[in-house]
Amino acid sequence: MNKYDVVVIGGGHAGVEAAAVASRFGVKTALITHDSSKIGEMSCNPAIGGIGKSHLAKEVDAMGGLMAKAADKAGIHYRVLNSTKGQAVRATRVQTDRELYKSAVQELVNNENNLTVIEGSVIDFKIKNSQIKAVLIESGEEFSSETVVLTTGTFLGGVMHTGLEQSPGGRVGDPSSEKLAKKLRSLNLSVGRLKTGTPPRLNKHTIDWSILTPQPGDVPTPLLSYTSKKEERPKQLDCFMTRTNKETHQIIMDHLHESPMYSGVIEGVGPRYCPSIEDKVMRFSERDSHQIFAEPEGLESDLIYPNGISTSLPLKAQAALIRSIKGFENAEIVRPGYAIEYDYFDPTGLKHSLETKAIEGLFFAGQINGTTGYEEAAAQGLMAGINAALKTKKQNAFVLKRDEAYTGVLIDDLVSLGTKEPYRMFTSRAEYRLILREDNADMRLTEKGRNLGIVPDELWEKYLQKKRQSSLEFTRLKKVKLQPNTIEAEYIEHQSGEKISNNISLFEMLKRPKVFHSHLPQGSDELPTNVIDEIEASVKYEGYIKRQKADIDKLQRNENTPIPETIDYKNVVGLSNEVKQRLSEARPESLARASRLPGITPAAISLLMVHIKKGRRLVG
């Protein structure tokens, strides 16, 4: 009864994606979590998306994942960030109702076939000959499986800090996984400590909203998922803005000696790109203020999430700094902010499938790999779940390359380079970001998911419809010509300021920076926004995309050159001892991945290529 093909540990953003996608392969899957009512819980800010992150959420969605669907069922405030910039760096951000999001995730999980949710805290593994065999929970029950996905979030050896007080826990109200942490530390895995934090939650009735700056959502309101319907979206709310000031910063400085980060109590490294307010005041001492977004936690919730003032100062100091802020003069703290320190494992100890190199059948996904953020966790969970299921079927791993998805960039960065601080995705991390846009995640990945058997019919039909619409519109744009001095030409000139002096196709006209699809004569069918976005990006970036594809073709010649698993780098003539050591530790799977390791020069890659070719000739 307790035998499963795939066991997923943890019901957070990585765990639910891993369990759901594994079950879709038809394999018997278990999701073990300490409290089934907390599945899909948003431990920090109830928001999905943002720069680089929405790309990941849409990629998960394009392959049939849960995150974007749940976000749309709970989305109460939508904004497209970088909307005035090119499509490659635009990003959708959704503020969600915390309870609605959790309910949506649980509903989606419960609708999956072949998936059983089990309540319990995993405390041990059974491992034989470096192969996972079973997991044990605190009640004494054992679940046998040779494929396990571990998604522990911040629970692994988690310690929460408020001022100099500390207590064990994975988040407020939930225990940490101490026994499991002890077990993992005893294995042949490189462990470290990281930290993250959260701001105090405020009572919305004690805030003076009249003096805050409203930040309404975008109209028309976008959707994050490819299959969501506008009518399913809940009521929309405004967010509001305010700022810290000199008094706020002085209060922080006066209490810095009580900060666990600055008193040496916390050893873990915090997120560089989501720093605490203490970090901001210290690192950017020249600034008089920092922006704060007052964001509602839900339609029925009295809690406000003050985004931008994550802190682990003592409660008394938190109260003082909050009440120094415009609009928060009488604000009441419902729950103090805190920092949380937890275990993670060096991701260079993983294969690109997210299976650990040390223990066969054991996969890691999410914050255990050194990442921060819901979206990064979901993307890893999806890939770990896919590869865990494929392993049970004795099929080859499914790996996305850097030119195919932000998910590929994320995993390759982790596995090839490792991380010493919480890793966060940005568009700047993707060298092929003109191709990897938010608007075309479905065009890049849905067919791959369908071939794996994990894309549902509804998503597949949407994809085929979009593909047909795009193809017909591209044909029309190339076929229809504009003539000077016509009503259509004059309209475009008026809207864009672009002069039309010769006959020109709509396609060539759309290449001009100030011309948009809405300026052009429209076809007989009204096109959805996501189709128009993809067409505009493809046309405007056409030349750059061709250049990037040429670069990708060149790279793939190396990408397709595998490095033998049995290679002994000590025998590669000409490599320095440092390079030999680095390659021996990382064990890259191909020349392209070896080339991305720090300190590996083109010359070293050439020597390695020669060595591999010589080996092939000798074998031949």
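You'll find the structure just up there.
This write-up is about the structure you can find in this document. (Residues numbered from 1 in each chain as written. Predicted model: local features only at pLDDT ≥ 70, side-chain atom pairs only at ≥ 80, totals over all residues. Heavy atoms only, no water.)

### Some words on the overall build of the protein
Okay, step 1: The number of helices and strands found in the protein is 19 helices and 23 strands.
Okay, step 2: Rg of the C-alpha trace for the protein: 26 Å, near the compact-globule value of 25 Å for 620 residues, within the 12% margin.
Okay, step 3: On the principal axes, the C-alpha backbone points of the protein span a range of 80 × 80 × 50 Å.
Okay, step 4: Summarising the internal contacts of the protein: among those between residues at least 6 apart in sequence, 73% fall at separations of at least 24.
Okay, step 5: When the accessible surface of the protein is totalled, it reaches about 27000 Å², and 49% of it is carbon and sulfur.
Okay, step 6: Taken together, the 83 basic and 79 acidic charged side chains of the protein have centroids lying 6 Å from each other. (Helix = DSSP H or I, 4+ residues; strand = E, 2+ residues; numbered from the N terminus. Rg over C-alpha atoms; globule rule 2.2 N^0.38 Å. Contact = heavy atoms within 4.5 Å. Areas by Shrake-Rupley, 256 points an atom, 1.4 Å probe, with all protein chains shown as cover. Lys, Arg positive; Asp, Glu negative; His and termini not counted. Charge placed at Lys NZ, Arg CZ, Asp CG, Glu CD.)

### Remarks on the pairing of strand 16 (residues 239–243)
Within a regular beta strand, the side chains point alternately toward one face of the sheet and then the other, so they alternate between its two faces.
Okay, step 1: Looking at chain direction, strand 15 (residues 213–215) and strand 16 are connected through three bridges and run antiparallel. Its bridge partner lying in strand 16, Pro214 is registered against Phe240.
Okay, step 2: One ladder, built from four bridges, connects strand 16 with strand 17 (residues 291–296); its direction is antiparallel. Paired with Met241 across the two strands is Phe293, which belongs to strand 17. (Pairing = 2+ DSSP bridges.)

### Notes on the layout of surface pockets
Over the atoms, a rolled probe matching the size of one water molecule traces out where space is still vacant.
Okay, step 1: Estimates place the volume of the second largest pocket at around 1200 Å³.
Okay, step 2: Residue lining of the second largest pocket: 37 residues in total, with Pro222, Leu223, Thr529, Asn530 and Asp533 positioned closest to the centre.
Okay, step 3: At the level of secondary structure, the elements contributing two or more residues to the lining of the second largest pocket comprise helix 12 (457–479) and helix 15 (529–540).
Okay, step 4: In terms of residue class, the lining of the second largest pocket is built from 13 nonpolar, 12 polar and 12 charged. (1 Å grid on protein atoms, 1.4 Å probe; cavity = no way out; pocket = protein on both sides within 12 Å on 5 of 7 lines; lining within 4 Å. Points joined across faces, edges and corners; volume = space filled by probe spheres on them. Nonpolar A, V, L, I, M, F, W, Y, C, P; charged D, E, K, R; others polar.)

### Details of helix 9 (residues 374–392)
Okay, step 1: Between the first and last C-alpha of helix 9 there are 27 Å, a value that for 19 residues agrees with the 27 Å anticipated at 1.5 Å per step.
Okay, step 2: Of all 19 residues making up helix 9, 17 are buried, and the element is well covered by its neighbours.
Okay, step 3: Two residues or fewer past helix 9, Lys394 is found with a positive phi of approximately 60°. (Expected span 1.5 Å × (residues − 1). Buried < 20%, exposed > 50% of the residue type's maximum accessible area, 1.4 Å probe, protein only.)

### Observations concerning the state of the cysteines
Okay, step 1: Considering all chains together, one arrives at zero disulfides under this definition.
Okay, step 2: Residue Cys239 stays outside any disulfide, its sulfur separated by 15 Å from that of Cys44, the closest cysteine. (Disulfide = S-S within 2.5 Å.)

### A few points about the pairing of strand 20 (residues 338–345)
Okay, step 1: For strand 20, the buried fraction is high: eight of the eight residues fall into the buried class.
Okay, step 2: Judged from the three bridges that link them, strand 11 (residues 159–162) and strand 20 form a sheet pairing that is antiparallel. For Val159, the partnering residue across the bridge sits in strand 20 and is Glu341.
Okay, step 3: Across eight bridges, strand 13 (residues 191–198) lies against strand 20 in antiparallel orientation. Within strand 20, the residue paired with Leu194 across the bridge is Tyr342.

### Describing the pattern of salt bridges
Okay, step 1: Overall, the coordinates contain 40 salt bridges when judged by the stated rule.
Okay, step 2: In this structure, Arg593 engages Asp412 in a salt bridge whose closest nitrogen and oxygen atoms are separated by 4.0 Å. Pair noted here: Arg593 is in helix 18 (residues 591–595) and Asp412 is in helix 10 (residues 406–417), with a separation of 181 residues, a long-range link.
Okay, step 3: Using a relative accessible area of 2% as the deciding quantity, one classes Asp412 as buried.
Okay, step 4: For Asp439, the salt bridge identified is with Arg437, shortest N-O distance 2.9 Å. Each member of the pair, Asp439 together with Arg437, is buried. (Salt bridge = Lys/Arg side-chain N within 4 Å of Asp/Glu carboxyl O.)

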